[in-house]
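A closer look at the structure
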Amino acid sequence: MEEEHAVFADQQRRRLVQRLLAPWRRRGATLLQVGLGAGLLPDFFWEAGFDVTGLDAAPGAVEAARQLTGPRVDYALGKPDHLPFDDGRFDYVVLAHLRLTPRTALPLDEALRVASLGVIALEWNFLSVPALSRGPWRRGVWPWTLTWMARKACPDARLSLYSTLPWPLFLWPRVCPPRIGAGGKTRAGRVGHWLRGLVIPVPFGAIMGLRLEKNPALMTPIGAVTAVPQPASYARQPVVNRVRGDISAPGC
């Protein structure tokens, strides 16, 4: 049963990451994945279109991932709280289940240092119902702690928080199983498939992901995107005030 739960959680984690990656450009963009033992191989990001580098402090984890992905992904040994890369070396950084807390916030600071555009942090959610059961979801963090650390580390960033698997553990993976009729999936089957892959913009699911955009695109009044960086106070302004104006250097 635990293996079945792990497979189901991996599937839903991929759905969550796909939602988090949706607004980011892929072609020619570089991405660093920090942490290789969370069930999410760097190959996933390579297939999504990024130029990927994977990093872990354990040589065994790096070698195992290298054998699975081959030459498509570059790898490096290093600690999450001291990344062996220059400032702004990557466009994006993904922190995979490092259990970030105020006492262990250095990996987030380091990710913001080496990422020029954005960071994603994946964590087990201690606020979820599955956190009451035994398993890796028991070792979660509070969602408000994660958002507070991100806001403290980069005050002018735009934050987006999503989660998946809000169901009690005994329903995994039996949340409305698809029903197949004579002509394919029935309506109930389609609803069941939707419920199984539900990703919600509230931190109630067992796995949550925080997307932090350091320099979110500046929007014109008609909704068009401009390539000009936003002012440092852009992220805190009401939407109606986010128009083209005097541009200062971006924060973080």
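Summary of the structure given here. (Residues numbered from 1 in each chain as written. Predicted model: local features only at pLDDT ≥ 70, side-chain atom pairs only at ≥ 80, totals over all residues. Heavy atoms only, no water.)

L21, F45, F50, L122 and W172 are the most contacted members of the largest nonpolar core, which has 35 residues in total. The set of elements that each furnish at least two residues to this core consists of α1 (2-21), α2 (43-47), α3 (59-69), β4 (90-96), β5 (115-124) and β9 (199-200). The element best represented in this core is α1, accounting for six residues. Ignoring any residue separated from it by four or fewer positions in sequence, one finds W172 in contact with H5, F8, A9, P130, W137, L165, W167 and A206. Membership of the second largest hydrophobic core comes to 28 residues, among which are L55, A157, L161 and L210. (Core = buried A, V, L, I, M, F, W, Y, C linked by side-chain atoms within 4.5 Å. Buried < 20%, exposed > 50% of the residue type's maximum accessible area, 1.4 Å probe, protein only. Helix = DSSP H or I, 4+ residues; strand = E, 2+ residues; numbered from the N terminus. Contact = heavy atoms within 4.5 Å.)

The next point concerns the side chain of S163. With respect to the helices and strands, the residue S163 is situated in strand β6 (residues 158-164). Under the relative-accessibility criterion, S163 is labelled buried at 0%. In this structure the side chain of S163 is engaged in a polar contact, spanning 3.3 Å, whose partner is the backbone nitrogen of F204. (Polar contact = N/O pair within 3.5 Å; in protein donor to acceptor, adjacent residues only side chain to side chain.)

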